[in-house]
Amino acid sequence: SYSAMSRRLACGDVEGRLEAIFGRVRAIQAKSGRFDMLLCVGNFFGSTSEAEWAEYRTGAKKAPIPTYVLGANNQDTLSYFPDVSGCELAENITYLGRRGVYSGCSGLQIAYLSGIEAQQQPAPAHSFSAKDVAELKTSLLSTPNFRGVDILLTSPWPRDVGTFANSAGEIDTKKCGSQLVSDLAASLKPRYHFAALEKAYYERLPYRNHMVLQETPQHVTRFIALADVGNTSKKKYLYAFSIVPMSSMDPAELVKQPQDVTENPYRKLRKEAPKSKAPLSAEEEPACQFFFDLNKHQGKKRPSEGKERGDSQPKQAKKPPQPTGPCWFCLASPEVEKHLVVSIGTHCYLALAKGGLSPDHVLILPIGHYQSVVDLSSEVLEEVTKYKAALKEFFRSKGKRYVLFERNYRSQHLQLQVIPVPLDLCTSEDIKEAFIAQAQEQQIELLEIPEHSDIAQVAQPKTPYFYVELDTGEKLFHRIRGRFPLQFGRWVLASEALLAQPQRADWRQCAAQRPEEAAQARAFRREFEPFDFSLRD
C-alpha cells in the first residue's frame, strides 16, 4: 500500500507573503526532496498582496509546488477569487471553492470549507452557514461505507477542540473558533484537520472517533492549527506529513490507536447527532465482538431453567461470604456506626457517609458481606435498584441529581457512594466531562459504557474497577490495572469543575462529632421518609 504514500505540506495564513512561503518551500524541497502539494488554510491574501500577486497572476513567477487555497475570510480579499465555485488563480495555484471534496489521482480525499462562520443571514460571500455544513456532510455521509475523509481544511478552528487535550497556550478553545466546524469535524472524522486564523501553532493530541466498548474501533484524528507565514515569534506555520489514502490502507493499520490518544472533544455533538444518519457498513461487527456481550444478561432475569452452564442452582441461593476480620459495614457487626443508618431494607441499608462531601451524602450498602456490585445476588441487586430510584426521586424533589460511584479496589465491603449535585450547577454532560478530564490527567482510562448494560457485563470477575453512574443511567467505567487514587471520586466531585469545595476532598478533614452526625442522620431520615419504600414494604 505504501506506493500510494504521498508527501504533503500544509501552511497557515500566508497573508500575501508569497515570496516568503514559496522561498521556504523551495528550501525544504532542495533539502528533503519533492512534495506533492501545498495546502493553505486561513488568509491566503492580505491587505498588501497586490504587487507580489501580480507577478504570479501574470505568469512572471511560478509557484514551485501545486498549491491549493481556501477562499476569502473577509470582504477586503473577496476580489482575488473571481469564481465562487473554485478556479485556477495562477499557474500551480488553485482556489478549491466554497465547500466540497477534492480527490487527487492518488485517491486521497480532501474535504474543504472556505470562509468564517456567518453571524447573520443571508450569509456574506466570505462566510459559511449551517446549510453549507449540512450539505457538505450529507454529500459525504450518504456515500456507501463512509468511514471518514483523509484531510479536512477549514480556516477557523473548531470550537472546544482543546477539551480533554494538551493546552492550546494562550488560545481559549471554549471561546475561539466555530461550532459549525466542530460539527463538521465530528461527522467527517478526518485523519488530519488543519486550520489557522488565530496566529498560533497548536498540535492537539490525537483523538478517537469511536465510543470505546460501544463501537468498532476507528482511525484517530490529528488536529493541527498553524501560525501565520513569516511571523516574528517563530511559531510554526508550515507542517510536512506523509499520508497513504484511507482507501489503500489495511483496515487494521488504519485503526491503530496511538499511546497518547484522547477522548473525542466533540462527544456532546456526537451524542446529539441523529443516530440513523450514517448507514452501518456491511462489515460492522456485532456487539459481541467487544469483550462483553450486550445480549448476555440484558435487563430482566429469565426464569432459570437450570440448563445454562449446567448450574441448576438459581443465582439467588448464593450466600454472601463471611468477612475474614472485623468489617465496618456488615450491619450485624459491632463495628458499624449505627447512629449513621437512615433506612434499613430486607437486603440493603442506607447510611450517611462519615465525613460526607455534603450533609446528604449517603451510602447504599448490602446488609450481608459482599465485596462489589458484581458479586451481588439478584435480590440484593433488585433492592439496590429500588434504593437508587427512591434516592433519585428524593434528590430531584430538592432540585438535585445524584452522582453514584463504586471503587472495587482495596475495599472489602461494597459501598455505593451517592452524592447529590444541584441541578442548576451543572448538566450530566458537565459531570461526565469533569470525570473524564481528571481521569486523563491521572492517566486513567475512564470509558463510557452503554446505558442499559450493567457493570457485571464489563467487569470481569475478581478484577478491581471504579465506576461512576448518573441518575440518568449513564455510566463511566475504569478497569484498575495498577495503582488507583483511593479518593478519586471525591476529588472530582469536590473540584472547581463541580462542587467547588476542594477543602472537602478528604473525608478525614470533614468528620463531625458523633452528636452532630446523629442529628444529621435524624434530619435525613425525616425528609427521606415519604420516599422510603422500606417503611411501606
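Below, the structure is looked at part by part. (Residues numbered from 1 in each chain as written. Predicted model: local features only at pLDDT ≥ 70, side-chain atom pairs only at ≥ 80, totals over all residues. Heavy atoms only, no water.)

### Some words on the sheet that holds strand E16 (residues 341-344)
Selection criterion: A pair of strands is labelled paired if DSSP reports no fewer than 2 bridges between them. Counting from the N terminus, the helices are the DSSP runs of H or I reaching at least four residues and the strands are the DSSP runs of E reaching at least two. Only the contacting stretch of a helix is used when fitting its axis, a line to C-alpha atoms as for every element, and angles between N-to-C directions run 0 to 180 degrees. Contacts between residues were defined by any pair of non-hydrogen atoms, one from each residue, lying within 4.5 Å.
An order of E16-E17-E18-E20-E19-E22-E23-E21 is seen for the eight strands of this open sheet, with the pairing classed as antiparallel. The sheet is open, and its two borders are formed by E16 and strand E21 (447-449), each paired with just one other strand. Strand-to-strand twist across the sheet, computed as the mean angle between neighbouring axes with direction ignored, equals 25°. The sheet strands contacting helix H8 (residues 428-441) are strand E19 (400-408), E21, strand E22 (465-470) and strand E23 (475-479), and the helix crosses E22 at an angle near 165°.

### Brief notes about the packing of aromatic side chains
Our working rule: Pairs were defined over the aromatic rings of Phe, Tyr and Trp, the Trp ring being its six-membered one, requiring ring centres within 6.5 Å. Orientation was assigned from the angle between planes: stacked under 30 degrees, edge-to-face over 60, tilted for the rest. Three labels apply to residues, based on accessible area from a 1.4 Å probe with only protein chains included: buried if under 20% of the type maximum, exposed if over 50%, partly exposed otherwise in between. By the criterion adopted, a ring carries a charge over it if an Arg CZ or a Lys NZ lies within 6 Å of its centre and within 35 degrees of its normal.
One pass over the structure, following the stated rule, counts 30 aromatic pairs. Geometrically, the ring pair formed by Tyr-409 and Phe-484 is edge-to-face, given 6.3 Å between the ring centres and 85° between the ring planes. In this pair, Tyr-409 sits in the loop between E19 and strand E20 (416-422) while Phe-484 sits in the loop between E23 and helix H10 (488-494), placing the two residues 75 residues apart along the sequence. On the basis of relative accessible area, Tyr-409 is assigned to the buried category, the value being 14%. Assessed through its relative accessible area of 5%, Phe-484 is described here as buried. Linked through ring pairs, Phe-44, Phe-45, Trp-53, Tyr-80, Phe-81 and Tyr-95 together constitute an aromatic cluster. Geometry around Phe-35 places Arg-7 over its ring, the cationic atom sitting 4.1 Å from the centre.

### Thoughts on the nonpolar core
It is characteristic of soluble globular proteins that their nonpolar side chains tend to be buried jointly. Where we set the bar: By nonpolar core we mean a set of buried residues, namely Ala, Val, Leu, Ile, Met, Phe, Trp, Tyr and Cys, connected to one another through side-chain atoms within 4.5 Å.
Counting 37 residues, the largest nonpolar core has Ile-364, Leu-391 and Phe-524 as the members making the most contacts within it. Among the elements that line this core, the one with the most residues is helix H7 (residues 378-397), at seven residues. Ignoring sequence-local partners within four residues, the contact set of Ile-364 consists of Tyr-349, Leu-350, Val-384, Tyr-387, Lys-388, Leu-391, Leu-404, Leu-414, Gln-415, Leu-416 and Val-418.

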